[in-house]
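Secondary and tertiary structure notes
What follows is each chain in one-letter form.
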Amino acid sequence: MTSPLATEAAPFGRVLTAMVTPFTREGELDLDAAQKVASYLVDHGNDGLVISGTTGESPTTTVAEDGRLLTAVLEAVGDRATVVAGVGTNDTRHSVELAQQAKKAGAHGTLVVTPYYSKPPQSGLLSHFTQVARAGDDLPVMLYDIPGRSGVKIADETYLAMADDPQIIAMKDAVGDLNRGSWLMNETGLKIYSGDDPLNLPWLAMGASGIVSVVAHAASRQYADMVAAVDAGDLPTARAINHHLLPAVSAMMNHTQGAITAKAALQLLGVLEHRTMRDPLPEATEDEVAIVRDGLMASGLLES
């Protein structure tokens, strides 16, 4: 299914949140809360959401839960935002199953992370990405390059080998090499999305299509304004927004895992009732919540 907001320049939208997966206090999937979070994010500036990514605690959810979550989010916001299903795992057969499910559910695209822990050679990466793309039929694919977590980086030659694939059209970059990213955009035609909140503004200034953000759980509107400022060539305004968000970015990205701080932020904002996580991730401690609170307040995202 084609996204209602897809464009050639930004096929997955401009401001996407890597959305948390809400659970009940007993640790079960909470679909009502998921729809509330999705609606809140879209109402506050997101034109896209990534469901069942790492921030969505995807290593802890089942195929059936991923399908139910995706269906619920599509029902809530699928007519006004690009809904991207995270389908990447370190098992190609599992990822193929998730991609097929995403297609059947009506997702607008898929996010496929580099297989983690296994550290496959580049030939294995190429085979994995191609198989998962084909499993999603005509769904557009965003690759997710994050060697800090996966243990392996997608090589330049692997990107070049996929350059003519009609489905693999974008990458979420958490490598942090702006020069390499610029080269890849030029040589492969792939669209780049910032996958690292501290680098959102530099990536946009380099020509990235958009961002896939954790901090956007609390700062969607501000990031949408920053994107608009860059588009207008108003770098002073974009820099001012980026500077204003530095305390929130630091609070949410530098102290513990992003899914933990994102749920804490949503609870502070009154969007989530509680911040239950699934093991092995613990919920934010009171000290961590205080850090997030202070960061949001310093960035003007939360009233005292």
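Predicted model only: the values in this text are computed from it and were never measured.

Rules used in this analysis
- Residues numbered from 1 in each chain as written.
- Predicted model: local features only at pLDDT ≥ 70, side-chain atom pairs only at ≥ 80, totals over all residues.
- Heavy atoms only, no water.
- Helix = DSSP H or I, 4+ residues; strand = E, 2+ residues; numbered from the N terminus.
- Polar contact = N/O pair within 3.5 Å; in protein donor to acceptor, adjacent residues only side chain to side chain.
- Contact = heavy atoms within 4.5 Å.
- UniProt positions renumbered as here; feature names shortened; annotations may be inferred.
- Buried < 20%, exposed > 50% of the residue type's maximum accessible area, 1.4 Å probe, protein only.
- Core = buried A, V, L, I, M, F, W, Y, C linked by side-chain atoms within 4.5 Å.
- Expected span 1.5 Å × (residues − 1).

**Observations concerning the side chain of Q257**
Considering the arrangement of structural elements, one finds Q257 in the loop between helix 10 (235–253) and helix 11 (258–268). A distance of 2.6 Å separates a polar side-chain atom of Q257 from the backbone nitrogen of A259. Leave out the neighbours within four places in its chain, and Q257 touches T54, R149 and L281.

**Some remarks on the UniProt feature "active site" (unreviewed entry) in the chain**
UniProt's feature table lists "active site" (unreviewed entry) at Y144 and K172, given in the numbering used throughout. Across 29 residues in sequence, these annotated residues keep their C-alpha atoms within 4.7 Å of one another, forming a single compact spot. Positionally, Y144 belongs in strand 5 (residues 141–145). As for its placement among the helices and strands, K172 is situated in strand 6 (residues 168–173). Residue classification places K172 among the buried residues on the basis of a relative accessible area of 6%. Beyond its immediate chain neighbours, meaning those up to four positions away, K172 contacts L111, M142, L143, Y144, D145, Y193, G195 and V212. Within polar-contact distance, the side chain of K172 engages the side chain of Y144 at 3.4 Å.

**Quick word on the nonpolar core**
Judged by nonpolar contacts, the single largest core of 84 residues is most densely connected at M19, L49, V73, L143, Y223, M252 and L296. At nine residues, helix 9 (residues 216–231) tops the list of elements feeding residues into this core. Beyond its immediate stretch of four places on either side in the chain, V73 contacts M19, A38, L49, I51, G78 and V83.

**Digging into helix 2 (residues 63–77)**
For helix 2, spanning 15 residues, the distance from its first C-alpha to its last is 21 Å, which sits close to the expected 21 Å at 1.5 Å a residue. For helix 2, the full list of buried residues reads V63, E65, D66, G67, L69, L70, A72, V73, L74 and V77. In this structure, the buried residues of helix 2 make contact with helix 1 (31–43), strand 2 (48–51), strand 3 (82–86) and helix 3 (92–105).

**Looking at the UniProt feature "binding site: pyruvate" (unreviewed entry) in the chain**
In the numbering used here, UniProt assigns the feature "binding site: pyruvate" (unreviewed entry) to T55 and V212. Spatially, the listed residues are clustered: although they cover 158 residues, their C-alpha atoms lie within 10.8 Å of one another. Tracing the sequence through the fold places T55 in the loop between strand 2 and helix 2. In this structure T55 comes out as buried when scored by relative accessible area, which is 10%. Not counting the four nearest positions on each side in its chain, T55 is found in contact with A18, M19, V20, T21, V214, H217 and A259. By the element assignment, V212 lies in strand 8 (residues 210–213). V212 sits in the buried class, given a relative accessible area of 3%. Residues contacting V212, with those up to four places away along its chain left out, are L16, A18, V50, M142, K172, Y193, S194 and G195.

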